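Chain by chain, the residues run as shown.
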There are 2 protein chains.
Amino acid sequence: MTTATKKTERSQSSATIYDVARVAGVSAMTVSRVMNGNAHVSDITRGKVMAAIESLNYQVNTAARAARVGTLGIGLLYSNPSSAYLNTFLVGAMDRCSQTGGQLILERCDDLRSQRAAIAKLIANGADGILVPPPLCDSKSALKQLDQIGIPSVAIATGRPVPTMSAVRIDDYAGARDMMRYLISLGHKDIAFIQGDPKHTPAQIRYKAYMDAMEEAGLPVKPERVAPGLFTYRSGLDAARQLLAKKSKPTAIFAANDDMAAGAVAVAHGLHLDVPKDITICGFDDTPVATTVWPELTTIHQPIEDMARAAVDLIVELIRNRRTGEVGGVQHKLLPYTLVTRESSGAIAS
Amino acid sequence: MTTATKKTERSQSSATIYDVARVAGVSAMTVSRVMNGNAHVSDITRGKVMAAIESLNYQVNTAARAARVGTLGIGLLYSNPSSAYLNTFLVGAMDRCSQTGGQLILERCDDLRSQRAAIAKLIANGADGILVPPPLCDSKSALKQLDQIGIPSVAIATGRPVPTMSAVRIDDYAGARDMMRYLISLGHKDIAFIQGDPKHTPAQIRYKAYMDAMEEAGLPVKPERVAPGLFTYRSGLDAARQLLAKKSKPTAIFAANDDMAAGAVAVAHGLHLDVPKDITICGFDDTPVATTVWPELTTIHQPIEDMARAAVDLIVELIRNRRTGEVGGVQHKLLPYTLVTRESSGAIAS
DNA sequence: CTGAAAGCGCTTACAG
DNA sequence: CTGAAAGCGCTTACAG
């Protein structure tokens, strides 16, 4: 068994670049060029190499490549996001890393003061590029520092991408607007909103979408129907208490994220309100809490895992371009979201 | 800047094995032997090499090593643990991986039927060893499969480690017992318990500690003071409703984990009970939820990040030993836990 | 107990 | 546009 297992260990493909070269009838160098998307290869040669790669099911040995060009260090500067978010993000990021040969390097940085130190530490630990998930992607000082240092970086899930930095995100405005249109289609007219942390750009944008959608439908927004929040469960609790304190209650609450929506559900239950019969409550993001609470939340699914994969691919490309001296242009990727309807929303009782 | 940064990138140490060899006055081979803990090196030579390593601040180039011996693939077979748990675990595991050159490979496996397939996939994807966090570490069939395949594995946070597999854990019994002694020292005599998922060994052990501690203190345990749970928030909600339904209420509830304790706090608040004035509620694990709810939970801190680091070190050692043909013995590491007192517990009103 | 040589699979100058 | 040669930093047989 000991020897038998050995064979299987390195995946299916144990073909090397030389095998590909032989099959394609070219040199290993040329195969390397094709693998790395080098432009100076004729189409006909490229075709032969591609065919050989496919037939041999060749995959680069990332370890050997790393030995030559250095490890591809991918820094992740995280800062107290919800653990579910980071978690999902990591699963997606690691998945791509193990294929591209990237080494993820984590660094936590809670307050603004430690930002500079955290970035420096990441670089000292071998990061060749930095991934910036929320909420740091909205920190002007963080972006400025990254820009000054001149290290490739990718912002993730920022509501308002800047032209100087690559970003991967969803269309928060369209997502929140779709949720509102859905609620309105259910017959809701008196819809309350729980805002997210005002420092986060998606919070601002989701709020604007709420306001615009109300106006679009010709629905008035009473100031007392909007409660501030901070994206936390606790703030959702507080906001919902405020929204549901008076006699006249909204028929639906749209919270700017799931954690706050979960808090709102808890408050509703505390007031013996049935969800969704007495009140509809919706969230945003589709994090695990959305399916943990009861009833499960209607929400907008944000494809965090895919966003992480896309971000890794992007940063790898930027790092490679930088090493080869190519002008790696800034890229903005917009991934699709989905409206997920579950049990927490219902048509208004007429 | 472009060139200046290059220098800093690869951390401080850019010394190679040859630099060390030169300084120590030996061959690179000997340095390699020392680095890998090979026994056939004289103490005096080893000393010279060690000194050179230290003075040059040498660190092996894991990429170069991987090019020679193959990547160190570390599989992580996870199965729907709380996202906070996985998250913390990943942070610790990745930290060690980036230093030891390990490549973490994730694979999710929810039901027992897919276990065999998940393990096979992990191996096909290059895993040379497998980390088994809860609850899979308590699955007999999983352990049996791993044993049959003969791949190095480490169980994490199992309550009852088996002699054939390495494990990293805390002393669940002592932790739960300490919590009970603490509650009793506060004057509580009528202490209820919310059990964890009976399939998880730590749940069984924490329950036993509760029973033993009650007996040790000469306190009677009424059957209605013990409610079943599944380690989830929802099950904590149900269990607490059951425990607090009657007139005669316990003065303290000890839940077998934080999620259930959080649920119990929500129920207490729903019944207008003040925590901890009217009732003390404690958890176990010290996951993020413990400091998310209000009041923050008194709990037993389980050092998940350190346990992950220890598990990575252990599996790396096992994989290395296996490759060199050494008999890598099974190791069981016990890490220290801590009783963390916060606002959810208080002395009984007399 | 210690070392000289070869090689891991890939990529980087250097030619043509 | 394409290739022969050298080398990334380390470790594996093979000698002594």
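Going by an unreviewed UniProt entry, chain A carries the name Substrate-binding domain-containing protein and comes from Pseudoduganella rivuli.

Before going further, it helps to spend a moment on the domain arrangement of chain A. Accessible area lost upon the coming together of the parts serves often as the stated size of an interface. Domain annotation for chain A reports domain 1 (2-60), domain 2 (71-170 + 304-336) and domain 3 (172-301). Taking the mean C-alpha position of each, domain 1 of chain A and domain 3 of chain A sit 53 Å from one another.

Our focus in this paragraph is the interface of chain B and chain A. Residue-level contacts link 37 residues of chain B with 37 residues of chain A. Both faces considered, chain B and chain A share a buried interface measuring about 3,300 Å² in area, 55% of it formed by carbon and sulfur atoms. Put simply, chain B and chain A have 2 residue pairs in polar contact (both at pLDDT 80 or more) between them. Contributions of two or more residues to the side of chain B that touches chain A are made by α1 (2-9), α5 (62-69), α6 (83-100), β2 (102-108), α7 (115-124), α8 (140-149), α11 (233-243) and α14 (304-324) of chain B. Sort the elements by how many residues they give to the side of chain B that touches chain A and α6(B) lands first, with 9 residues. Of the residues contributing to the side of chain B that touches chain A, the split by class is 19 nonpolar, 11 polar and 7 charged.

Turning next to the protein's contact with DNA strand D. T30(A), T45(A), R68(A), I17(B) and Y58(B) are the nearest of the 24 residues found near DNA strand D. The share of sugar and phosphate among atoms of DNA strand D within 4 Å of the protein is 63%. Between DNA strand D and R33(A) there is a distance of 2.7 Å, counted from a base oxygen to a side-chain nitrogen or oxygen. One of the backbone N or O atoms of I17(B) is found 2.3 Å from a phosphate oxygen in DNA strand D. Those elements giving two or more residues to the surface near DNA strand D turn out to be α3 (28-35) and α5 (62-69) of chain A together with α2 (17-24), α3 (28-35) and α5 of chain B. The element that contributes the greatest number of residues to the surface near DNA strand D is α5(B), accounting for 4 residues. The residue inventory of the surface near DNA strand D, partitioned by class, reads 11 nonpolar, 9 polar and 4 charged.

Let's shift gears to the state of the cysteines. The tally for this structure, following the rule as stated, stands at 0 disulfides over all chains. No disulfide involves C97(B); its nearest neighbouring cysteine sulfur is the one of C97(A), lying 12 Å away.

On to the protein's contact with DNA strand C. For DNA strand C, the set of nearby residues contains 24 residues, the closest of which are I17(A), Y58(A), T30(B), T45(B) and R68(B). Considering DNA strand C, the proportion of its atoms within 4 Å of the protein that are sugar or phosphate atoms stands at 61%. Side-chain polar atom of H40(B) to a phosphate oxygen of DNA strand C: 3.1 Å apart, as the coordinates give it. The contact in question runs from a base nitrogen of DNA strand C to an N or O atom on the side chain of R68(B), over 2.6 Å. Elements represented by at least two residues in the surface near DNA strand C include exactly α2 (17-24), α3 and α5 of chain A together with α3 and α5 of chain B.

On to the relation of the copies chain B and chain A. The operation relating chain B to chain A is a screw motion whose rotation component is 180 degrees, with 0.1 Å of axial translation and a residual RMSD of 0.1 Å. The transformation relating the two chain copies, once decomposed into turn and shift, fits a two-fold axis. In terms of C-alpha distance to the rotation axis, chain B has N87(B) as its closest residue, with the C-alpha 2.5 Å off the axis. In this assembly, 100% of the residues forming the interface of chain B have copies in chain A that are likewise at the interface, indicating an isologous arrangement.

Below, the discussion takes up the sheet that holds strand β5 (residues 166-169) of chain A. Residue and element names in this part refer to chain A. Taking strand neighbours across the sheet as the criterion, the 6 strands line up as β2-β1-β3-β4-β5-β11 in an open arrangement whose pairing is parallel. Two strands bound the open sheet, and with one partner strand each, they are β2 (102-108) and β11 (332-334). Direction aside, neighbouring strands of the sheet carry axes that sit 20 degrees apart on average. Sheet topology places strand β1 (residues 72-78) next to strand β3 (residues 129-132); 3 bridges connect them, and they run parallel. Paired with I74 across the two strands is G129, which belongs to β3. Those strands touched by helix α7 (residues 115-124) are β1, β2 and β3, and its axis lies near 155 degrees from that of β2.

All names here are of chain A. Within the secondary structure, T45 sits in helix α4 (residues 43-56). Among the residues examined, T45 registers a relative accessible area of 17% and is labelled buried. The contact partners of T45, leaving out residues within four places of it in the chain, are V26 and T30.

Turning next to the packing of aromatic side chains. Any aromatic ring pair is given by two values, namely how distant the centres are and how the planes are angled relative to each other. All names here are of chain A. Tallied over the entire structure, the rule returns 10 aromatic pairs over all chains. Seen in terms of ring centroids, F193 and Y210 are 4.8 Å apart; in terms of plane orientation they differ by 20 degrees. Their pairing is stacked. A residue pair is termed long-range when its members are at least 10 positions apart, and F193 in strand β6 (residues 191-194) and Y210 in helix α10 (residues 201-216) qualify at 17 residues. For the residue pair F193 and Y210, the accessibility class agrees, reading buried in each case. Each member of the aromatic cluster is reached from another via a ring pair, and the members are F193, Y207, Y210 and F254. For R206, the ring lying beneath its charged end belongs to F284, and the centroid distance is 3.7 Å.

Each value, and the rule that gives it
- Residues numbered from 1 in each chain as written.
- Chains lettered and ligands numbered in written order.
- Predicted model: local features only at pLDDT ≥ 70, side-chain atom pairs only at ≥ 80, totals over all residues.
- Heavy atoms only, no water.
- Domains from an automatic or database assignment.
- Contact = heavy atoms within 4.5 Å.
- Buried area = accessible area lost by both parts, 1.4 Å probe.
- Polar contact = N/O pair within 3.5 Å; in protein donor to acceptor, adjacent residues only side chain to side chain.
- Helix = DSSP H or I, 4+ residues; strand = E, 2+ residues; numbered from the N terminus.
- Nonpolar A, V, L, I, M, F, W, Y, C, P; charged D, E, K, R; others polar.
- Near = heavy atom within 4 Å.
- Disulfide = S-S within 2.5 Å.
- Least-squares fit on C-alpha atoms with pLDDT ≥ 70 in both.
- Pairing = 2+ DSSP bridges.
- Axes fitted to C-alpha atoms, helices over the stretch in contact; angles between N-to-C directions.
- Buried < 20%, exposed > 50% of the residue type's maximum accessible area, 1.4 Å probe, protein only.
- Phe/Tyr/Trp six-rings, centres within 6.5 Å; stacked < 30°, edge-to-face > 60°.
- Lys NZ or Arg CZ within 6 Å of the ring centre and 35° of its normal.

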